[in-house]
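Spelled out from the first residue to the last, the chains are:
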Amino acid sequence: MRLSRIRLAGFKSFVDPVTVHLRSNLVGILGPNGCGKSNVIDAVRWVMGESAASRLRGEAMSDVIFSGSATRKPVGQASVELVFDNAEGRLGGAWASYAEISVRRLVNRDGTSQYFLNGTRCRRRDVTELFLGTGLGPRSYAIVEQGMISRVIDARPEELRAFLEEAAGISKYKERRRETETRIRHTRENLDRLADVREELERRLQVLARQARAAEQYRALRAGERELKTGLLALRWQALAAATAALEADGARLETALE
Ligand code: ATP
Ligand code: MG
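Being a predicted model, the structure only gives us computed values, none of them experimental.

Caption draft 1: Region of the structure containing the overall build of the chain. Broken down by element type, the chain carries five helices and six strands. Overall, the chain shows an N-to-C arrangement of helices and strands of β-β-α-β-β-β-β-α-α-α-α. For 259 residues, the compact-globule estimate of 2.2 N^0.38 gives 18 Å, and the chain exceeds it by more than 25% at 43 Å. Along the longest, intermediate and shortest principal axes, the C-alpha atoms of the chain span 155 × 50 × 40 Å.

Caption draft 2: Up close: the site of ligand 1. Neighbouring ligand 1 are 16 residues, the closest being K37, S38, N39, R57 and S67. At 2.7 Å, a side-chain N or O of K37 approaches an oxygen atom of ligand 1. One of the backbone N or O atoms of S67 is found 2.8 Å from a nitrogen atom in ligand 1. Surface burial for ligand 1 is 70%, taken as the share of its 650 Å² of free accessible area covered by protein chains.

Caption draft 3: A look at the nonpolar core. Counting 32 residues, the largest nonpolar core has I6, W46, V80, L82 and V103 as its most contacted members. At five residues, helix α1 (residues 37-47) tops the list of elements feeding residues into this core.

Caption draft 4: Just the side chain of E50, in detail. Along the chain, E50 falls in the loop between α1 and β3 (77-85). Dropping the residues within four chain positions of it, E50 is found in contact with R45, R55, L56, M61, R105, P138 and R139.

Caption draft 5: Inspection of the sheet that holds strand β1 (residues 2-9) at higher detail. Read across the sheet, six strands follow the order β2-β1-β3-β4-β5-β6 without closing on themselves; strand pairing throughout is antiparallel. The outermost strands of the open sheet, each flanked by one partner alone, are β2 (18-21) and β6 (120-122). Geometrically, the sheet is characterised by an average inter-axis angle of 20° between neighbouring strands, direction not taken into account. Sheet analysis places β1 next to β3, joined by seven bridges and oriented antiparallel.

Caption draft 6: Spatial organisation of the packing of aromatic side chains. Applying the stated criterion to the full structure yields two aromatic pairs. With 5.3 Å between their ring centres and 45° between their planes, F11 and W46 make a pair best called tilted. Separated by 35 residues along the polypeptide, F11 in the loop between β1 and β2 and W46 in helix α1 bring together distant segments of the chain. A residue is classified by how much of its surface remains accessible, and W46, at 0% relative accessible area, is buried. Ring geometry for F84 against F131: centres 5.4 Å apart, planes inclined by 55°, an arrangement best described as tilted. Placement of F84 in strand β3 and of F131 in helix α2 (residues 124-131) is noted, with a sequence separation of 47 residues between them. The two residues F84 and F131 agree in class, both being buried. In this structure, R104 is placed above the aromatic ring of F116, and the distance from its NZ or CZ to the ring centre is 5.2 Å.

Caption draft 7: Main features of the pattern of salt bridges. Counted under the stated rule, the structure contains 22 salt bridges. Between E100 and R5 there is a salt bridge, and its shortest N-O distance comes to 3.5 Å. With E100 in strand β4 (residues 100-108) and R5 in strand β1, this pair connects stretches of sequence that are 95 residues apart. A residue is classified by how much of its surface remains accessible, and E100, at 40% relative accessible area, is partly exposed.

Caption draft 8: How the structure looks around unusual backbone geometry. The residue R57 is not glycine, and still its phi comes out positive at about 60°. Despite not being glycine, N118 shows a phi value in the positive range, around 45°. The topology assignment puts N118 in the loop between β5 (113-117) and β6.

Caption draft 9: View of the environment of A96. Following the sequence through the fold, A96 ends up in the loop between β3 and β4. A96 has contacts with N86, G89 and L91, leaving out every residue within four places of it along the chain.

Caption draft 10: Expanded view of the environment of Y115. Following the sequence through the fold, Y115 ends up in strand β5. Sequence separation between Y115 and T182 is 67 residues, and the spatial gap between their C-alpha atoms is 24 Å. The residues touching Y115, leaving out its near neighbours within four places in the chain, are V47, G49, R104, R105, T120, R121, C122, R123, R124 and V127. Polar contacts involving the side chain of Y115 include one to the side chain of R105, which spans 3.1 Å.

Basis of the calculations
- Residues numbered from 1 in each chain as written.
- Chains lettered and ligands numbered in written order.
- Predicted model: local features only at pLDDT ≥ 70, side-chain atom pairs only at ≥ 80, totals over all residues.
- Heavy atoms only, no water.
- Helix = DSSP H or I, 4+ residues; strand = E, 2+ residues; numbered from the N terminus.
- Rg over C-alpha atoms; globule rule 2.2 N^0.38 Å.
- Near = heavy atom within 4 Å.
- Polar contact = N/O pair within 3.5 Å; in protein donor to acceptor, adjacent residues only side chain to side chain.
- Areas by Shrake-Rupley, 256 points an atom, 1.4 Å probe, with all protein chains shown as cover.
- Core = buried A, V, L, I, M, F, W, Y, C linked by side-chain atoms within 4.5 Å.
- Buried < 20%, exposed > 50% of the residue type's maximum accessible area, 1.4 Å probe, protein only.
- Contact = heavy atoms within 4.5 Å.
- Pairing = 2+ DSSP bridges.
- Axes fitted to C-alpha atoms, helices over the stretch in contact; angles between N-to-C directions.
- Phe/Tyr/Trp six-rings, centres within 6.5 Å; stacked < 30°, edge-to-face > 60°.
- Lys NZ or Arg CZ within 6 Å of the ring centre and 35° of its normal.
- Salt bridge = Lys/Arg side-chain N within 4 Å of Asp/Glu carboxyl O.

Written out as structure tokens, the structure reads:
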């Protein structure tokens, strides 16, 4: 994977869109002090996801946007696109089949960044993942800047380890492990929450079971009451029917006597 073009627009001193062609493996940028040579490499690190403004020699992320000069007004956004030649197919995964990979980052005055891979909007993570283990990246050893050699020489063992791990291609797996561990932690937390919910529901179930038992008892008692009431009415009816028959017999007897 070889960087073949850098397209800058509105980034630091590059207010007008300009394309830097890197036609061979050895390219030099010459110019007087302050003409923007270091801004080019800042642009490269910025696209690859650098999130610390201080490492881009600024205070806020929006400092990378052209802030105006004596003759030009400031602009509203900065965009840098890196075009990589993947003709040798070094890049694996989903990108293996592309001969050219374009990575673009755009930032507005409010400081929000947007990333694009081959023109499609993506997350910052997709971009950093693309470069993990390739030796390239916003803070990788492949970018050697002013003062960097002395930083490597003076590096504490942990810092040196980061360089070596990136060179050995381990950083990719370390990053994945970190993500997986985070996911496991989140899942554990979710499980704890579920246990809480379950406990709460179990308590409610107990209350509901008690209420259901009471309702059942009520229904059984109501049925018994109705049965007894029916029996009582039948008995009363029988008694009244007997009394009516006796009175009717009495009536008939009296009528006969009268006649
Ligand atoms: P040296 O040879 O001293 O290392 P250089 O060529 O590396 O210089 P850079 O540091 O890349 O120069 O560029 C510095 C220039 O970029 C300065 O003139 C500065 O005004 C300009 N610059 C940086 N950020 C911005 C910005 N946000 N807007 C406009 N100009 C900017
Ligand atoms: Mg410089």
